[in-house]
Amino acid sequence: MTTSEAAAVGEPAVVVHYRLHADFAGPGWLRRIAGPGAGLELDAAGLRVRFGPWLVETPLSNLAGAEATGPYNALRVLGVRLSLADRGLTFGTTTAGGVCLRFREPVRGVDPWGLVRHPGLTVTVSEPDLVAEAINRIVAGS
């Protein structure tokens, strides 16, 4: 479907001109625990964030925004964390900072059955400002 065809049927026309891969930040031993495929990928197919066995993926149309955040408290960010307050999910490797992603519709992430859905995901990637800027450009263009 071309951009003009998408606009004609009321779908958002979003174009991603490059593929963005952001590695997790922090100490090497903690990044190794996250696994060799860990990181955030953003391209025309959507958003994928892998941390060890956990995977969050969603189409571009489900992105609602992002902002660079931090620094964080170590007790609230390291590892895989579920917020009991809002069901937000964190994939964390450093207290220095990361990016908070918001979704239009909550996504699967922490449990393999998809019973718990997450309205947001905090990821401690090494380029949080770049990731937030790219996602906000996509949201603004949709």
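Definitions and limits used
Residues numbered from 1 in each chain as written. Predicted model: local features only at pLDDT ≥ 70, side-chain atom pairs only at ≥ 80, totals over all residues. Heavy atoms only, no water. Salt bridge = Lys/Arg side-chain N within 4 Å of Asp/Glu carboxyl O. Buried < 20%, exposed > 50% of the residue type's maximum accessible area, 1.4 Å probe, protein only. Pairing = 2+ DSSP bridges. Helix = DSSP H or I, 4+ residues; strand = E, 2+ residues; numbered from the N terminus. Axes fitted to C-alpha atoms, helices over the stretch in contact; angles between N-to-C directions. pLDDT = per-residue confidence, 0-100. Contact = heavy atoms within 4.5 Å.

S.K.: Sorry if this is basic, but what is going on with the pattern of salt bridges here?
M.R.: Side chains that differ in charge, positive against negative, can pair when their charged atoms come close. For the structure on display, the rule yields four salt bridges. A salt bridge links Arg48 to Glu41, with the nearest nitrogen and oxygen atoms 3.5 Å apart. A salt bridge links Asp43 to Arg48; the shortest N-O distance between them is 2.7 Å. A relative accessible area of 14% places Asp43 in the buried class.

S.K.: How should the sheet that holds strand 6 (residues 79–82) be read in this particular structure?
M.R.: Remark on secondary structure: sheet strands pair via backbone hydrogen bonds, oriented parallel or antiparallel. Taken in spatial order, the five strands of this open sheet run 5-8-9-7-6, and their pairing is mixed. Both outer strands of the open sheet, strand 5 (63–69) and strand 6, are each paired with one neighbouring strand and no more. For this sheet, the mean angle separating the axes of adjacent strands, direction not counted, is 20°. Both strand 5 and strand 8 (residues 98–108) contribute to a ladder of six bridges, which runs antiparallel. Considered in strand 8, the bridge of Ala66 is made with Leu101.

S.K.: What is the right way to read the confidence of the model for the protein from this model?
M.R.: Here the protein averages 86 in pLDDT, and 87% of its residues register 70 or above. Confidence drops under a pLDDT of 50 for residues 1–9, and excluding neighbours within four residues, the segment shows seven contacts in the predicted structure.

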